[in-house]
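Examination of the molecular architecture
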Amino acid sequence: MRRSLSKCEFLNKEAINKLYLKEDKLPRDIKYIFHTEPALDSKCNLKWYNEQWVNQFIKMSIDISRHMGLPPTMIEIHPGKKPNTYQYIAESAIKLFNNFKDEFEVKPIILIENRTDHVISNGIQMKEFWDYLIKDYPLYQKYIGFVVDFRTMYTQVSHDYFNNVNNHFIDNIELIPAESIKGCHIHNSHPKAPTIRDAIPWLSVFNKIISVNNDMILNPEVLSLRVALETKKFCVDMIRERRKSQSNSTIG
Ligand SMILES: [Zn+2]
């Protein structure tokens, strides 16, 4: 009898073949993102400090890409908890990048997403990580960066402070270096589109977003196409409105 995979285990080729049918092969011109590390369950710890684990993660990512017929444009990873460190995370991201470069002759952007209770969960840590990366690995600042999940950061800040959560949240987003931002996850609750009435101060979030000069993705982290389209409209409206208000204040 064949052994089934247990929770938190990496997918092997057999599992990939079972999960992704051959008909799922992508059109050649499509751009897609990976978000595949086994961290869905709280017991599935990310081990960027463990070389063997990192190699297995990279192998799985390459196996899925080969099965799909083309590599992803971007790969999103999470920081994990201690004993992960900025150095382990940065060096793993670099290794992942270099393996994709050697294997497929592409240069995927590796995005690190802040996560509650992980070693990169707030603006201070994002600034510290970025300072470390540009000091020790300046050549990679083009290919490594953050995908900022604002809702998750808001949750982290509301755990850290009882009062003035919005002010502390705004301080945190101001700390994130604009040049480190290469993507954003936009959602409030997953099943509904965000609105200006949410607790998150979206005006400040979009002020930050329009200050970024990098190419970046806005990823509607919601659960249906309909809500994704509503979220897209929310983003387009907010960006337009923030740009307008900024140019008015410059003229005034
Ligand atoms: Zn997210």
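Since the structure is predicted, the reported quantities are computational estimates derived from the model, not experimental observations. (Residues numbered from 1 in each chain as written. Predicted model: local features only at pLDDT ≥ 70, side-chain atom pairs only at ≥ 80, totals over all residues. Heavy atoms only, no water.)

**Here we look at the coordination of the zinc ion**
Looking at the zinc ion, the protein donor atoms are Glu113 (OE), Asp149 (OD), His185 (ND1) and Glu221 (OE), and they sit 1.9 to 2.2 Å from it. All donors to the zinc ion come from one chain, and their sequence spacing reads E-x35-D-x35-H-x35-E. With His185 in strand β5 (residues 181–186) and Glu221 in the loop between β6 (217–220) and α8 (225–251), this pair connects stretches of sequence that are 36 residues apart. The same class applies to His185 and to Glu221, which are both buried. (Donors = N, O, S within 2.8 Å, 3.2 Å for Na, K, Ca; no water. Helix = DSSP H or I, 4+ residues; strand = E, 2+ residues; numbered from the N terminus. Buried < 20%, exposed > 50% of the residue type's maximum accessible area, 1.4 Å probe, protein only.)

**Examining the state of the cysteines**
Counted according to the given criterion, the structure contains 1 disulfide. Between the sulfur atoms of Cys8 and its disulfide mate Cys44 the distance is 2.1 Å. Linking Cys8 and Cys44, the disulfide has an S-S dihedral of approximately -65° and is accordingly described as left-handed. Here Cys44 lies in the loop between β1 (33–34) and α2 (51–68) and Cys8 lies in the segment before α1 (13–19), a separation of 36 residues in the sequence. Cys235 provides the cysteine sulfur closest to Cys184, a residue in no disulfide bond, and the two sulfurs are 8.6 Å apart. Taking relative accessible area as the criterion, Cys235 reaches 6% and is therefore assigned buried. (Disulfide = S-S within 2.5 Å.)

**Brief notes about unusual backbone geometry**
Here the amide bond leading from Lys82 into Pro83 is cis, since omega sits at 5°, within 30 degrees of zero. Locating Pro83 in the fold gives a position in the loop between β2 (74–77) and α3 (86–104). Residues other than glycine seldom take positive phi values, yet Cys8 does so here, at roughly 75°. If you check the backbone angles, Asp117 has positive phi at about 70° while not being a glycine. Within the element layout of this structure, Asp117 appears in the loop between β3 (109–113) and α4 (123–136).

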